[in-house]
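# Commentary on secondary and tertiary structure
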Amino acid sequence: MEITVDQMYQIENNGHAMGFLKKFMMENAGAAAVRRLVEKFDVTSKNILIFVGMGNNGGDGLVMARHLSGYGAIVTIQLLGSPDKIKTEESSWNWSILKKMPSVKLLSGDNLHFDFIPDVIIDAILGTGISGEIREPYVSAINYINNSSCFKFAVDVPSGLDPQTGETANIFVKSDMTVTFHKMKQGIPKRKDLTGELYAEKIGIPPEAEEGVL
Ligand SMILES: NC(=O)C1=CN([C@@H]2O[C@H](COP(=O)(O)OP(=O)(O)OC[C@H]3O[C@@H](n4cnc5c(N)ncnc54)[C@H](OP(=O)(O)O)[C@@H]3O)[C@@H](O)[C@H]2O)[C@@H](O)CC1
Ligand SMILES: [K+]
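Residues numbered from 1 in each chain as written. Chains lettered and ligands numbered in written order. Predicted model: local features only at pLDDT ≥ 70, side-chain atom pairs only at ≥ 80, totals over all residues. Heavy atoms only, no water.

Rule in force here: UniProt positions are given in the numbering used here, feature names are shortened, and annotations may be inferred rather than shown by experiment.
Under an unreviewed UniProt entry, the name given to the protein is NAD(P)H-hydrate epimerase, and the organism recorded is Nitrosarchaeum koreense MY1. According to the UniProt record, the Sequence similarities (unreviewed entry) comment for the protein reads "Belongs to the NnrE/AIBP family."

If you want it as structure tokens, here you go:
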């Protein structure tokens with residue numbers, strides 16, 4: 001069953017109100033995404049570059065970083081902004097854990113020059129919160145991703161693709177694999193050319209959180 005983005009936010013809020021906090025959803029989302037990635041790819045000693053936006057899509061990317069480090073990957077995060085501008089409590093919380101993990105390299109701002117060639121790039125820039133034309137520094141990050149020939153993994157939806165309508169913004173990621181969360185959003189499967197292999201993974205939200213929504 002496919003749902004709307006608005007229904008997804010209502011279900012998320014209902015689950016949170018039941019006590020299944022958004023930080024737990026984020027944890028399960030990041031963990032589920034990593035499970036799909038490591039099934040596809042032996043990440044041990046691989047260079048993984050994660051582009052992280054300032055909302056909760058970025059937060060999922062931060063969770064992935066911690067899990068991937070546990071799998072022996074060499075993880076670099078490029079936060080596309082200043083750490084004190086991270087928008088949500090759950091994403092900031094994950095950033096603060098990573099600050100205590102020297103195994104994950106944390107970069108922030110709009111520098112896009114790296115001293116390694118990534119084996120995998122993770123796009124955790126924009127998800128269901130996208131609105132309007134893509135702004136900098138996200139535009140440059142998306143260009144960087146699309147100009148790279150490595151394996152590309154999109155968190156929830158390729159950034160720049162509207163998960164409700166299936167329409168694209170001025171620029172958008174073309175990925176090899178996409179993992180979306182809880183249930184498929186209506187616009188995403190319309191653009192399999194951008195999602196690559198596409199999965200919808202459960203993230204522990206109680207089915208009761210759907211009552212009155214679906
Ligand atoms: N639903 C669920 O159950 C769960 C959802 N989860 C995850 O949360 C994601 C949704 O998070 P979200 O709501 O924080 O939105 P998100 O996509 O990160 O973007 C917001 C940021 O983007 C910015 N921005 C917007 N448009 C822009 C543009 N054109 N160009 C540039 N910037 C733009 C906007 O900036 P602002 O407009 O506020 O200045 C704001 O900073 C969802 O996709 C999934 O991955 C999981 O954690 C698990 C549970
Ligand atoms: K994304």
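So that's the structure; there's more coming.
### Quick notes on the packing of helix 2 (residues 22-40) against helix 4 (residues 89-98)
We apply this condition: Each axis is a line fitted through C-alpha atoms, and for a helix only the stretch in contact is used; angles between axes span 0 to 180 degrees, taken between their N-to-C directions. We count a stretch as a helix when DSSP gives it H or I for four or more residues in a row; a strand needs E for two or more, and each element gets its number in order from the N terminus. Throughout, the term roughly parallel applies to angles under 35 degrees, roughly antiparallel to angles over 145, roughly perpendicular to angles from 65 to 115, and oblique to all others. Crossing handedness follows the turn of the near helix against the far one: under a right angle anticlockwise gives a left-handed crossing, and clockwise gives a right-handed one. Contacts are assigned to residue pairs with any non-hydrogen atoms lying within 4.5 Å of each other. When residue character is reported, Ala, Val, Leu, Ile, Met, Phe, Trp, Tyr, Cys and Pro are called nonpolar, Asp, Glu, Lys and Arg charged, and the others, Gly included, polar.
Between helix 2 and helix 4, the least distance of the axes is 9 Å, while the angle of their chain directions is 60 degrees. Looking at the two axes, helix 2 sits oblique to helix 4. Between helix 2 and helix 4 lies a crossing whose hand is right-handed. Across the interface between the two elements, Lys22, Lys23, Met26 and Glu27 of helix 2 pack against Glu89, Glu90, Ser91, Trp93 and Asn94 of helix 4. For the contact of helix 2 with helix 4, the per-class residue count stands at 2 nonpolar, 2 polar and 5 charged.

### Quick notes on the UniProt feature "domain: YjeF N-terminal" (unreviewed entry) in the protein
In the numbering used here, UniProt assigns the feature "domain: YjeF N-terminal" (unreviewed entry) to residues 8-211. For residues 8-211, the helix share is 33%, the strand share is 19%, and the end-to-end C-alpha distance is 12 Å.

### Some thoughts on the coordination of the potassium ion (ligand 2)
Here is the rule we go by: Metal sites are built from N, O and S donor atoms within 2.8 Å, or 3.2 Å for Na, K and Ca, and they leave out water, so they may look incomplete. Key to geometry: four donors with every angle between 85 and 135 degrees are tetrahedral; four donors are square planar and six octahedral where opposite donors lie over 155 degrees apart and all remaining angles lie between 65 and 115; all other sites are irregular.
Distances from the potassium ion (ligand 2) to its protein donors, Asn57 (OD1), Asp123 (O), Leu126 (O), Val155 (O), Val157 (O) and Ser159 (OG), fall within 2.7 to 3.1 Å. Each of the 6 donor atoms around the potassium ion (ligand 2) contributes to a set of angles spanning 67 to 170 degrees, which defines the coordination as irregular. Counting the intervening residues between successive donors of the potassium ion (ligand 2) yields the motif N-x65-D-x2-L-x28-V-x1-V-x1-S. Taken together, the positions of asparagine 57 in helix 3 (residues 56-70) and serine 159 in the loop between strand 6 (151-155) and strand 7 (177-181) put the pair 102 residues apart, joining distant regions of the chain.

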